[in-house]
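Analysis of the macromolecular model
Next come the chains, spelled out residue by residue.
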Amino acid sequence: MNKKSKLFSVAMATIIGASLVTSGGLQANAKTDQNIGNIQGGYYYIDGIEYKVPNSEIYNFVNENRITNLPHVTSNTATTSYRGDARKVRPTAGCDQGEWVFTAKRTASGFKLGDSGTRVINKTSRDLTETSKLSSSTTISGKVTGSGKWNWGVIEATAGFEIGGSITWTTEESTTITVGPGEWGWIDYGAYTETWEGDHYYVTPTCKIQDKKRIKVIGPKHKAKLARTEKF
């Protein structure tokens, strides 16, 4: 059995309940600064390889209500419906078993802040490169906005990745930043996330829809960071 099959097998057996809470490891007041004037560069990581966010996408990258189009990032975009076994559900064509469905679309994608590193202050007359250090590990986790219970396997099948997972930056992973004379700079550590919104419901063996609710799911897809500098 492959990894995805295992995911659905477990997910169909377990319905996870949740409420509006701050995800573990993510600071309650951690909010991405949408100012792009002090951004030196944005970066994201896929399989350990660093890629730079194109300048044309920086505004979208830091705006939580927009969709960012990044090179090397593949995403589902169209409205989709999946059942527990990953086949498209057709409730009106006959239902041989009960199944959970998430009919949704991607409504936003971009940077989510976990925590900021220390500020590097340059009082010299030349460029200064130092580490912007995290004081502790920071984690960005997937979460659902909505009451009741839902099936993560169906949600993740629709999104096309483990949206309910988490991404962590450890203190040892703190990176350097180069700051010009008379400036200070720091690194914002976080993740590239996707937001999916739609209807989650259960289709009975007699094709009736039950427990229908509108939910919003936000989850981390790739590790990411922003380098910021400004005059002090």
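These numbers were taken from a predicted model, which means no experiment stands behind them.

Moving on, we get to the overall build of the chain. Helices and strands together make up the secondary structure of the chain, namely three helices and 14 strands. Each of the 232 residues in the chain was classed as buried or not, and the buried ones make up 46%. Look at the contacts in the chain between residues 6 or more apart in sequence, and 77% of them connect residues 24 or more apart. Accessible surface, the chain as shown: approximately 11800 Å² in total, 48% of it carbon and sulfur.

This part is about the environment of Glu64. By the secondary structure assignment, Glu64 is in the loop between helix H2 (58-62) and strand S4 (80-82). When the C-alpha atoms of Glu64 and Lys112 are compared, they prove to be 7.8 Å apart, with 48 residues separating the residues in sequence.

Scanning all chains against the criterion turns up six salt bridges. For Lys223, the salt bridge identified is with Glu173, shortest N-O distance 2.9 Å. Of this pair, Lys223 sits in strand S14 (residues 209-231) while Glu173 sits in the loop between strand S11 (166-169) and strand S12 (176-179), and the two are 50 residues apart along the sequence. Here Arg214 ties to Asp199 by a salt bridge, and the two come within 3.5 Å at their closest N and O atoms. Of this pair, Arg214 sits in strand S14 while Asp199 sits in strand S13 (residues 183-203), and the two are 15 residues apart along the sequence. Of the residues examined, Arg214 reaches a relative accessible area of 57% and is grouped as exposed. Salt bridges linked by common partners bring Arg106, Glu194 and Lys221 together as one network.

This part covers helix H3 (residues 152-159). The buried fraction of H3 amounts to eight of the eight residues, a majority that puts the element mostly inside the structure. Along H3, the residues classified as buried are Trp152, Gly153, Val154, Ile155, Glu156, Ala157, Thr158 and Ala159. Two or three places before Gly153, at the start of H3, stands the capping residue Asn151, its side-chain oxygen 2.9 Å from that residue's backbone nitrogen. Directly after H3, the chain includes Gly160, whose backbone phi takes a positive value near 90 degrees.

Right, let's get into the environment of Gly160. With respect to the element layout, Gly160 can be found in the loop between H3 and S11. Expressed as a C-alpha distance, the spacing of Gly160 and Asn76, which sit 84 residues apart in the sequence, is 6.3 Å.

Turning to the side chain of Thr195, a few remarks are in order. Secondary-structure assignment places Thr195 in strand S13. According to the relative accessible area criterion, Thr195 is buried, its value standing at 8%. Sequence-distant contacts of Thr195, that is, excluding residues within four places in its chain, are made with Lys105, Arg106, Thr107, Ala108, Lys216, Val217 and Ile218.

Moving on to the pairing of strand S2 (residues 39-46). Across the eight residues that make up S2, a large majority, seven, are buried. Relative to S14, S2 runs antiparallel, the two being bridged by six bridges. Each residue of the ladder has a partner; that of Tyr44, found in S14, is Ala224. Judged from the four bridges that link them, S2 and strand S3 (residues 49-52) form a sheet pairing that is antiparallel. Paired with Tyr43 across the two strands is Lys52, which belongs to S3.

Our next topic: unusual backbone geometry. Unlike most non-glycine residues, Cys207 shows phi in positive territory, near 70 degrees. By secondary structure assignment, the location of Cys207 is in the loop between S13 and S14. Despite not being glycine, Asp211 shows a phi value in the positive range, around 55 degrees. Position of Asp211 among the secondary structure elements: in strand S14. Looking at Asp211, the relative accessible area reads 45%, which means it is partly exposed.

It is worth spelling out the confidence of the model for the chain at this point. Scored by pLDDT, the chain comes out at a mean of 82, with 78% of its residues at no less than 70. In this model, residues 1-29 is a region of pLDDT below 50 whose contacts with residues beyond four sequence positions or in other chains number 50 contacts. Every residue in residues 82-92 scores below 50 in pLDDT, and together they form 27 contacts with partners more than four places removed in sequence or on other chains.

Cut-offs applied
Residues numbered from 1 in each chain as written. Predicted model: local features only at pLDDT ≥ 70, side-chain atom pairs only at ≥ 80, totals over all residues. Heavy atoms only, no water. Helix = DSSP H or I, 4+ residues; strand = E, 2+ residues; numbered from the N terminus. Buried < 20%, exposed > 50% of the residue type's maximum accessible area, 1.4 Å probe, protein only. Contact = heavy atoms within 4.5 Å. Areas by Shrake-Rupley, 256 points an atom, 1.4 Å probe, with all protein chains shown as cover. Salt bridge = Lys/Arg side-chain N within 4 Å of Asp/Glu carboxyl O. Polar contact = N/O pair within 3.5 Å; in protein donor to acceptor, adjacent residues only side chain to side chain. Pairing = 2+ DSSP bridges. pLDDT = per-residue confidence, 0-100.

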